[in-house]
Amino acid sequence: MMPPLLRAFAASSAVLWYGLYGVGMAYAVDPITSRNDEVGTLLNQWAKDFSAAGLGAISYENRDGNHSPLPVGRYLKLGTMQPTESEIKAGRGTGMAVAIRPSPTLGNCSMASKAIEGGSIPRLYFSRSVLQAFLFEQYLHNNLFIYPEHQDYDPGANGLGGGWGDLLPANVPTLLISQGSSYLDMPFVNAFLATTAAFRPEIQQLLIRNRILMPTLQAIFRQSNKQVLNEEDYFTGKAHPPVFDGAQIDELKMVNTAHLMSALSVPPLAFMEVVSERKAVPWVDFFEPAGVVDEGLGTTPANVARVFRSTAAEYAMTLSAKRSLDPGKRALTYRWAVLQGDPALVKIHTADNGQTAMLKVRWHSPLRSSNGIRSHRVDVGLFTSNGISTSAPAIVSFYMLPNERRFFDAQGRLSEVCYEAGNPELGLPSAAGDERWLAFLELLAVKDTTLPHRLLERVVDDEIREVVRPLWSSLRDKKRELDALASDPKNKAQVESLRGEFTAAMERAMKQKVKTKSGAEMALLAFAEQSMSGLADLRELYSTLQVEIMRLAAASPLKSAETDLRAELKRLQKWGVLVEDAAGKVMANNGVDKLSEAERYYLRQLHLTVLSQVLYPGLLERSPAPLHTDGQLTALKSWRDLYRYDEGGKCLGWLRFYEGRMLRFDAQGRLLPEGNGKPQAVRYEAEAGRLVFKTE
């Protein structure tokens, strides 16, 4: 059934052109802005020409207590929206917007919690379906707010290596998220206000009256960004990341596009609705506390968000775009596109000239977004075109829980699920100018008999050393000079200058190309990643060198190194991956020659801990803990399940490795006792943030 707001909007589109040039039109006379840059100059010139609407019909709302405010007087005649008395009394005068403003409103709130304490305001919105529905109501009531991502969209994992990765479970067009923290939302506020002011008076009034101001602004913004180099880029993740970088805003292009817009070029609206989708059975297809009954995270005409909980190999969903609208009632064309995800794992079949899309999304391992940040979300966009202009997207997202890792057999069937997935990051510096690269250059330049050097002998030869040695020597001397100067606070200016020189020299060095033993030529940055990843994949790394590794762990500059390593060994022993013999030697339970894909994954996790905590702590900054996952989305689990099938491929159930025990479950999720006992029903409960299971 069409939501009431959508019905009202559909009805309003029927009279879109009525009174387009009618009575009551307000034309700008006074200057629009006190800005004296190119955008400000254009706006004020258009105001003189009576061709720009200005901001007399628009309000601005700051919801962070003026922590990141719009400068007073920047935009003349711009209204100011204040929290109501009831909002203030309820403690909702700041923070996330919680009420629809009656007049067109653009706002911001530069507030957030730490990543492990709830995260950014957008992540809070995405955690509940009712809040996503509220965002859609804002969207079609000419309200849009801008929030910073803070710690929810950065390189790294678990707070190290730069951040936590992409922690956003949805991607939506109904708000805007800025890269960074405080104040970095303000360039977007300026761009959206300037663009709104640039519309011709009759066009701005048309957009406001039909409640399509924000979808139109989103379409202009996303098509104008600097990373969108051609028309085809607009249908890729380049144009529609979950978080936008202020450096990519092309404000001049935005205001010019808005000013040139006519009634004929107002973009249509892309709306979607779910026709059908798979249904997962709690405690059989997925495991969460009793209150979690499905995979839904949010469903609105502008976005659909799902958590990929089920152990089914793929998520099947049929969507319809028939509710999409064009203000001028022109015929629409439809385009569905993968914005983020592996095209081999996302299948889109369309029917009814594109109005209907059948999606089949297979579970994804961690992937990289268009800007290199690790993500766990697949995004598919719907775009509509009226032949003149293209809509802002409607987006459907499928979120893979970061703490789950799945494995499939040769037939594509699920073979194993790890519910406490490790951190896949190597922990290498994300910036080419990072001084930690000096440790890597030293490893390449200097011959040594210690284990870290001996391991790299597998990939380093004299030819590489000849290239790297002078680079390392020069950078080492610069670093010594820098450290000596930094010891005296009086040298602050000189230190800053020298640090800039050192960073630039390091960047040049790490982009230097070397020829590897295999004959391939690559930059040192790529060589570092290839080398460390190759060491992590050595199946016998720990088993053949464990005595020496444990000795180095005890002497590691990281105080937690030995504890971290022993914790990883204990976990893999409890899961049946590793065994320890009477002499204390730890080895793979199935032998290194018979490892499954999952077992190779577990060994790699062990070796990543060895590399980062023990062998190369000066180079690799990595958290050895399992990947952080939002507790609002799932209860943490500490087990691995191995799935069993009969000769015909029918699932018989699974084996669960939990707390050093192996338990058997049938395909209905019942626990099978030892011997021939009756299957027992199992219930799942959250205790101290972790999921436990008990027989009923």
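Use the structure listed above.
Bear in mind the structure is a predicted one, so any value in this text is a computation, not a measurement.

### Quick notes on the overall build of the protein chain
Right, so step 1: Within the protein chain one finds 17 helices and 30 strands.
Right, so step 2: For a compact globule of 696 residues, the expected C-alpha radius of gyration is about 26 Å, and the protein chain comes in at 28 Å, within 12% of that figure.
Right, so step 3: Structurally, the protein chain occupies a C-alpha span of about 90 × 75 × 55 Å along its principal axes.
Right, so step 4: Considering only residue pairs separated by 6 or more positions, the protein chain has 68% of its internal contacts joining residues 24 or more positions apart.
Right, so step 5: Counting only carbon and sulfur atoms, one obtains 53% of the accessible surface of the protein chain, whose full area is about 29,400 Å².
Right, so step 6: Computed over 79 positive and 78 negative side-chain charges, the separation of the two mean positions in the protein chain equals 3 Å.

### Here's the deal with the pairing of strand E26 (residues 651-658)
Right, so step 1: Across the eight residues that make up E26, a large majority, six, are buried.
Right, so step 2: Examined bridge by bridge, strand E25 (residues 640-645) and E26 share six bridges and lie antiparallel to one another. Bridging from a neighbouring strand, Tyr643 pairs with Trp654 of E26.
Right, so step 3: The antiparallel pairing of E25 with E26 creates a hairpin that spans five residues between the two strands, and Gly649 there sits at a positive phi of about 90 degrees.

### Some remarks on the packing of helix H16 (residues 561-574) against helix H17 (residues 597-615)
Right, so step 1: Relative orientation of the contacting elements H16 and H17 amounts to 175 degrees, with a least axis distance of 9 Å. If you check the angle between H16 and H17, you find them roughly antiparallel. Counted together, Ala561, Asp564, Leu565, Glu568, Leu569 and Leu572 of H16 and Tyr602, Gln605, Leu606, Thr609, Val610, Gln613 and Val614 of H17 form the full contact between these two elements.
Right, so step 2: In terms of residue class, the contact of H16 with H17 is built from eight nonpolar, three polar and two charged.

### Examining the sheet that holds strand E7 (residues 176-178)
Right, so step 1: Pairing within the open sheet is parallel, and its five strands lie in the order E2-E1-E3-E4-E7. Edge positions in the open sheet fall to strand E2 (79-80) and E7, since each of these has one partner strand only.
Right, so step 2: Inspection of the sheet shows strand E4 (residues 143-148) paired to E7 by three bridges, in the parallel sense. Bridged to Pro148 within E7 is Ser178.
Right, so step 3: Sheet contacts for helix H8 (residues 213-224): strand E3 (105-108), E4 and E7; angle to E4, the most-contacted strand, approximately 45 degrees.

The rules we used
Residues numbered from 1 in each chain as written. Predicted model: local features only at pLDDT ≥ 70, side-chain atom pairs only at ≥ 80, totals over all residues. Heavy atoms only, no water. Helix = DSSP H or I, 4+ residues; strand = E, 2+ residues; numbered from the N terminus. Rg over C-alpha atoms; globule rule 2.2 N^0.38 Å. Contact = heavy atoms within 4.5 Å. Areas by Shrake-Rupley, 256 points an atom, 1.4 Å probe, with all protein chains shown as cover. Lys, Arg positive; Asp, Glu negative; His and termini not counted. Charge placed at Lys NZ, Arg CZ, Asp CG, Glu CD. Buried < 20%, exposed > 50% of the residue type's maximum accessible area, 1.4 Å probe, protein only. Pairing = 2+ DSSP bridges. Axes fitted to C-alpha atoms, helices over the stretch in contact; angles between N-to-C directions. Parallel < 35°, antiparallel > 145°, perpendicular 65-115°, else oblique. Nonpolar A, V, L, I, M, F, W, Y, C, P; charged D, E, K, R; others polar.

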